[in-house]
Structures are given as structure tokens and as C-alpha cells.
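# Fold and contact review
These are the residues of each chain, in order.
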Amino acid sequence: MDSERIIRVERDILGKNNAIAADNRTLFAADELLVFNLMSSPGAGKTSLLVRAVSELKLSYPTGVIGGDQQTSNDAERIRAVGVPAIQVNTGKGCHLDAAMIGEAYRRLPRLTHGILFIENVGNLVCPAAFDLGEACKIVVLSMTEGEDKPLKYPDMFAASSLMVINKIDLASLLECDLDKTVGYARRANPKIEVVTVSARTGEGFGALYTWIDRQVAHQRRAVEGAGQ
Ligand code: MG
Ligand code: ZN
């Protein structure tokens, strides 16, 4: 295929995806559901972070998870083990979740009215940034073990995200990774990106993450009330 044709095909795929994402957004709004799309490289600790977060957030909000991996339902099983409903999507050869997969998986979850849905995307710092799933915000998870230059190498991912969660902060003293540099590089791609540092292993920093989530919930409820007036 010549490059013009490739660009056209890409545009068609994204256009179709965006239309389905808009339908998802309408569906989520009807349920007053807040949806976060978590993205990272493989091994950054998205699932460990979610296991801890949902086991605490479920006390305050109806909570559910849709997870994407090429194969296995290991992640969904880990979420269900803490009493939170989870649907696993297997993408096969696919390297990202798309809006149609989310729409279909969401219909298989119990109703989460006034709740929170976390989408755990396929571990990949490239194309998940381009696919709108109908979420309220994208969250990028980066671990201390990855080195500080990921935001320089994959700027689109950081530009698309509202929040960067830096995980494995308990390992900071053992590693060369420079936290200030990581944050500085992420803000080159996105000056408005917010940052929390956590350890999914020890629980350090989760208070700040919940404060951020509560703020998004309050923001969404204000928007709903505003629209109703
Ligand atoms: Mg995972
Ligand atoms: Zn992909």
C-alpha cells in the first residue's frame, strides 16, 4: 500500500472507533459512571495497582474492571478475587483495546450506576493512546524500573493522559531512575499532566490517588447537575 492509502485506512479505522466511543460515552453518562482508561508498558504494574485500588474503592463506589490482554484471563481473575466484577477481553493478535470491545464487554458487567469503571488496556505505550474508548480520562502508569526517558520516547501517550501514576516508588532508592526528570519529560509532552507516585506493593501514595479520583467524581457530578438545570 502506498503511504497515502495507509493514512486513509488509518483515518477510517479511527473514525469508526470514535463513533462507537461516542456511543459508549452516552451509555456511561446514562449510568452516571466514571470511566478511566489505564495504559502502560507490560509489567508497569497496572493489575497490581488495580487490585489494591478497587478493593478499597469498592467500599465507596460500585466498581468494575474491563481488562485487555492478548491471551489469558489471569488479570480478571485477580480482580474478581477481591470481590469486584471483571471482564477479560482477549485481543489475540491485537495490541490495543478499541471502543467496540469495550461496548460489548460493558454489557456483560453488572450495572455500576454512580460508580467507577477501570479499563486496563493492553500493555503497550503506542496505539492505545490513539483509541478513544469513551472514557472520562486516560491514565498512564509508568514504573520506576522503566527509566526516566519513556515520556521522551512515547510522547503521544503522555500527551493523551490526564494523570501519570508512577508505580514501584518503593524501589526508588535502589534505582538510577530520576523522578524529577521523569516528571519534567512527561510535562514536555503535556504541561497539564498531574502526577501521583505510588507503590502497589506497599500501598504508599494511594491516598493521593483516591483524592484525585474523588475529585474526578465531584467534577463529573457537578457537570451532571449543571446539565440538568
Ligand atoms: Mg495486567
Ligand atoms: Zn495496537
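A few words now on unusual backbone geometry. Trans is the common state for peptide bonds, and a negative phi is the common state for residues other than glycine. The phi angle at E32 is positive, at roughly 45 degrees, despite the residue not being glycine. Considering the arrangement of structural elements, one finds E32 in the loop between α1 (3–30) and β1 (34–39). Within the chain, H114 stands out as a residue other than glycine whose phi angle is a positive 60 degrees. Structurally, the position occupied by H114 is in the loop between α4 (99–106) and β4 (116–120). Judged by relative accessible area, H114 falls into the partly exposed class, the value being 37%.

When strand β6 (residues 163–167) meets strand β7 (residues 194–197), the two strands line up parallel, connected through 4 bridges. Bridged to L163 within β7 is E194. For the segment spanning β6, helix α7 (residues 179–189) and β7, crossover handedness is right-handed.

Reading the values: the criteria
- Residues numbered from 1 in each chain as written.
- Chains lettered and ligands numbered in written order.
- Predicted model: local features only at pLDDT ≥ 70, side-chain atom pairs only at ≥ 80, totals over all residues.
- Heavy atoms only, no water.
- Helix = DSSP H or I, 4+ residues; strand = E, 2+ residues; numbered from the N terminus.
- Buried < 20%, exposed > 50% of the residue type's maximum accessible area, 1.4 Å probe, protein only.
- Pairing = 2+ DSSP bridges.
- Right-handed = clockwise from strand over helix to strand, strands pointing away.

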